[in-house]
Amino acid sequence: MGDSIEKSQENQEESCPRKKQKTASDTNKNSGDGSADQSILSKFQIKKVLRDSTREKNIFIHGEIDDQEAIVILEKTPIGQDTLVELLKDSSLQLKMKNDIYSNYLLIPPAHLNDIKTSLICPATQKHVKKYQVQETFLVEETEEDYRSITLPYIQSQSFSVQWVYNILEKKAEVERIVFEDPDPKTGFVLLPDFKWDTKQLDDLYLIAIVRQKDIKSLRDLRSEHIPLLENILKKGQEAILQRYSVPACKLRIYLHYQPSYYHLHVHFTSLSHDAPGSGVERAHLLSDVILNVKANPTYYQHRPLTFTLRADDNLASKFREAGKLPDC
Ligand code: M7G
């Protein structure tokens, strides 16, 4: 790990260029040369910092662009091992303190080694603002009956739009980022870098496999008929990542979220060495375990209580509270 993608991908750069993605928003319309995209953040009016982390070196900001709600996420990128020689040689150094054998410096790298991964959601909904705001969370256990009477009606009325998913499946967006696709309508999927990964280094490798079938909302819908689909994603996803990035299956964490944010079945592929958000036991379900569970019991995920976290301000939390499911929270 620590290798740059450019190194392991020298011959594939043509088929997978790292272009900035256009959004459907008028605000982000671009003249074709990317100039509108380049200046878009200068119009961003900051309203509130939703979250920041000195440890993760990121900040989530809520604001407006041309009267449209927007969220900007800034994140310092990891230091790639292959840039070290240049970084140490070509940066300027300012001494901050020295005491005996100990000294602190501020290193100012050349601009191209000092980039900040930047994500923009525009127009953003209130639900996006909530998603990124720091909030108290608590565990909830959802029974089969809770799913039917609380969660399902909630999903049907309030979940995030999955238009971005359809854009990928219909080749209207991120076409050049596709790493692998299987066109089979039943067992097929599209594998591509996740929104959270800038694809510059393998340390934080993060891809998602989006299934072609449109009617599988989440883990809860998985039954024995989906085993060929799940096995196909596991096998071909691993093979494609090995081929493209030279990362073997034993270095990958492959899982589904429950609850997901987007109710169109997708599988997360992250580097085992990357502490990816949402990879904890309260949300991540290993795909290999899911396959075994469904094989052992075809309706395992329909009947089994599932535990996950909810945020205090989440509308789903209010529904569980109203149903008397969160007596102490
Ligand atoms: P999730 O489990 O539904 O929710 O995962 P989470 O976002 O709370 O983890 C959806 C995954 O899709 C996340 O890892 C997102 O970063 C990723 N994602 C979301 N959007 C809107 C996009 C997108 O437009 N393109 C790509 N490539 N990935 C996305």
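First things first, this report covers the structure right here in the doc. (Residues numbered from 1 in each chain as written. Predicted model: local features only at pLDDT ≥ 70, side-chain atom pairs only at ≥ 80, totals over all residues. Heavy atoms only, no water.)

1. Digging into the overall build of the chain
When its secondary structure is counted, the chain shows 10 helices and 14 strands. Here the chain, with 329 residues, has 44% of them falling under the buried criterion. Partitioning the contacts of the chain with sequence separation of at least 6, the portion at a separation of at least 24 is 64%. (Helix = DSSP H or I, 4+ residues; strand = E, 2+ residues; numbered from the N terminus. Buried < 20%, exposed > 50% of the residue type's maximum accessible area, 1.4 Å probe, protein only. Contact = heavy atoms within 4.5 Å.)

2. Remarks on the packing of helix H5 (residues 144-158) against helix H10 (residues 315-322)
Packing of H5 against H10 brings their axes to within 10 Å, and their N-to-C directions diverge by 150 degrees. In terms of orientation, H5 and H10 fall into the roughly antiparallel class. Crossing handedness for the pair H5 and H10: right-handed. Touching Asp146, Ile150, Thr151, Tyr154 and Gln158 of H5 are Asn315, Leu316, Lys319 and Phe320, all from H10. Residue classes in the contact of H5 with H10 are distributed as four nonpolar, three polar and two charged. (Axes fitted to C-alpha atoms, helices over the stretch in contact; angles between N-to-C directions. Parallel < 35°, antiparallel > 145°, perpendicular 65-115°, else oblique. Left-handed = near helix turned anticlockwise from the far one by under 90°. Nonpolar A, V, L, I, M, F, W, Y, C, P; charged D, E, K, R; others polar.)

3. Observations concerning the sheet that holds strand E13 (residues 284-286)
A sheet is described by the order of its strands in space; here six strands give the open sequence E8-E9-E10-E12-E11-E13, paired in antiparallel fashion. Edge positions in the sheet fall to strand E8 (180-182) and E13, since each of these pairs with one other strand and no more. Taking the axes of each pair of neighbouring strands and ignoring which way they run, one obtains an average angle of 25 degrees across the sheet. Pairing of E8 with strand E9 (residues 189-193) involves three bridges; the strand directions are antiparallel. From the neighbouring strand, Phe180 faces E9, where its bridge partner is Leu191. Relative to E9, helix H7 (residues 227-245) is tilted by about 35 degrees, and along the sheet it contacts E8, E9, strand E10 (206-211), strand E11 (252-257) and strand E12 (266-271). Its contacts with the sheet place helix H8 (residues 287-296) against E11, E12 and E13, and it is angled at close to 65 degrees to E13. (Pairing = 2+ DSSP bridges.)

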